[in-house]
Protein chains: 2
Amino acid sequence: MNISHIEHIGIAVKNLNEAIKYYEDVLGLKCYSVEEVVDQKVKTAFFMVGQTKIELLESTSADGPIGKFIAKKGEGIHHLAFAVNDLQNSLDEVKSKNIILIDKKPKKGAEGLNIAFLHPKYTFGVLTEFCEKME
Amino acid sequence: MNISHIEHIGIAVKNLNEAIKYYEDVLGLKCYSVEEVVDQKVKTAFFMVGQTKIELLESTSADGPIGKFIAKKGEGIHHLAFAVNDLQNSLDEVKSKNIILIDKKPKKGAEGLNIAFLHPKYTFGVLTEFCEKME
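In this text, all values refer to a predicted model and were calculated from it rather than measured experimentally.

About the criteria used
Residues numbered from 1 in each chain as written. Chains lettered and ligands numbered in written order. Predicted model: local features only at pLDDT ≥ 70, side-chain atom pairs only at ≥ 80, totals over all residues. Heavy atoms only, no water. Patch = residues over 30% accessible without salt bridge, like charges linked within 9 Å, V, L, I, M, F, W, Y side chains within 5 Å. Areas by Shrake-Rupley, 256 points an atom, 1.4 Å probe, with all protein chains shown as cover. Salt bridge = Lys/Arg side-chain N within 4 Å of Asp/Glu carboxyl O. Lys, Arg positive; Asp, Glu negative; His and termini not counted. Charge placed at Lys NZ, Arg CZ, Asp CG, Glu CD. Helix = DSSP H or I, 4+ residues; strand = E, 2+ residues; numbered from the N terminus. Buried < 20%, exposed > 50% of the residue type's maximum accessible area, 1.4 Å probe, protein only. Contact = heavy atoms within 4.5 Å. Buried area = accessible area lost by both parts, 1.4 Å probe. Polar contact = N/O pair within 3.5 Å; in protein donor to acceptor, adjacent residues only side chain to side chain. Nonpolar A, V, L, I, M, F, W, Y, C, P; charged D, E, K, R; others polar. Pairing = 2+ DSSP bridges.

A.B. asks: Kindly report on a positive patch on the surface, identifying the contributing residues and their values.
C.D. replies: There is a patch of like positive charges on the surface, built from Lys-72 and Lys-73 of chain A together with Lys-72 and Lys-73 of chain B. Among the secondary structure elements, those contributing two or more residues to the positive patch are α2 (65–73) of chain A together with α2 (65–73) of chain B. Within the secondary structure, Lys-72 of chain A is located in helix α2. Relative accessible area serves as the criterion here: at 71%, Lys-72 of chain A is assigned to the exposed category.

Here it is, written out as structure tokens:
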């Protein structure tokens, strides 16, 4: 397992445009990309802050994971994503340490990354994602 | 307002020692400091991940902010802290944009930083901290 940095922080918001306005006008960050991830039922907006991205997530459907999260917990930080250099190996390693995975195999995420989630029940309440950049 | 990077991510946990064990043994990160912040009624543990710290927070009292957070929402990500280079100026600037501050003036946080919190009601559900490193 070799985590190099925090790749991104996923934040669930009700209204992407209003949240983008706050991150740009108040915090002075710059939205460089808006992307829909159909598979995850979300529209995303990205900001670079040092070496880490902020990924705002608006649900495109009430029954998507972000829609359900907001219904239960309200808007707020949804997940934490670590950059790893060998995703499948990292998944195998944490599994061997009795951590339950949501995704046993890498899948495609936003920005062309390969991603996989660990189950928050086994990560002290933090929905944890591993990301691998494909060259 | 000039945010350079994400200074740290605060994560509320019930048991600091068990959580440290997960971050070290499973994620392969190294805890470099454990510190009690009496004022905030927390014991903290720090890990460096690239340019960002993970700050685990265990409440030393049920009526502290972390104790109350866990009672209401369970363990998980508690706040997001941005590094700024002029804290008082940054606070004045966001206040002028109608964001309500929890701390109108900087106060002392862990690791000798000057810190202040913005109210999550005005930051799309994310308890947001600004940190300034004092040289």
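A.B. asks: Tell me what's going on with the interface of chain A and chain B, and back it up with residues and numbers.
C.D. replies: If you look at the interface, chain A gives 40 residues, while chain B gives 41 residues. Regarding the contact of chain A and chain B, the summed buried area is about 3,200 Å², with carbon and sulfur atoms giving 72% of it. When the buried area of chain A at its contact with chain B is split by residue, Tyr-22, Ile-77 and Phe-124 of chain A rank highest and sum to 22% of it. In this assembly, chain A and chain B are joined by zero salt bridges. On inspection of chain A and its partner chain B, the count reaches five residue pairs in polar contact (both at pLDDT 80 or more). Of all the elements, strand β1 (residues 3–13) of chain A adds the most residues to the side of chain A that touches chain B, at seven residues. Of the residues that constitute the side of chain A that touches chain B, the class distribution is 24 nonpolar, eleven polar and five charged.

A.B. asks: Account for unusual backbone geometry, with residues named and values stated.
C.D. replies: Among all residues except glycine, the phi angle is most often negative; among peptide bonds, the trans geometry is most common. All names here are of chain A. Backbone geometry places Lys-41, a non-glycine residue, at a positive phi of 55 degrees. Within the fold, Lys-41 resides in the loop between β2 (31–37) and β3 (42–49). With relative accessibility at 32%, the residue Lys-41 sits in the partly exposed group. In this structure, Asn-98 takes a positive phi of about 70 degrees despite not being glycine.

A.B. asks: Describe in detail the sheet that holds strand β6 (residues 107–108) of chain B, supporting the description with residues and values.
C.D. replies: Residue and element names in this part refer to chain B. Strand order in this open sheet of eight strands is β2-β3-β4-β1-β5-β8-β7-β6, and the pairing throughout is mixed. Of all strands in the sheet, those with a lone pairing partner are β2 (31–37) and β6, marking the two edges. Sheet topology note: the strand β7 (residues 114–118)/strand β8 (residues 128–132) ladder contains five bridges and is antiparallel. By the bridge assignment, Leu-118 is partnered in β8 with Thr-128.

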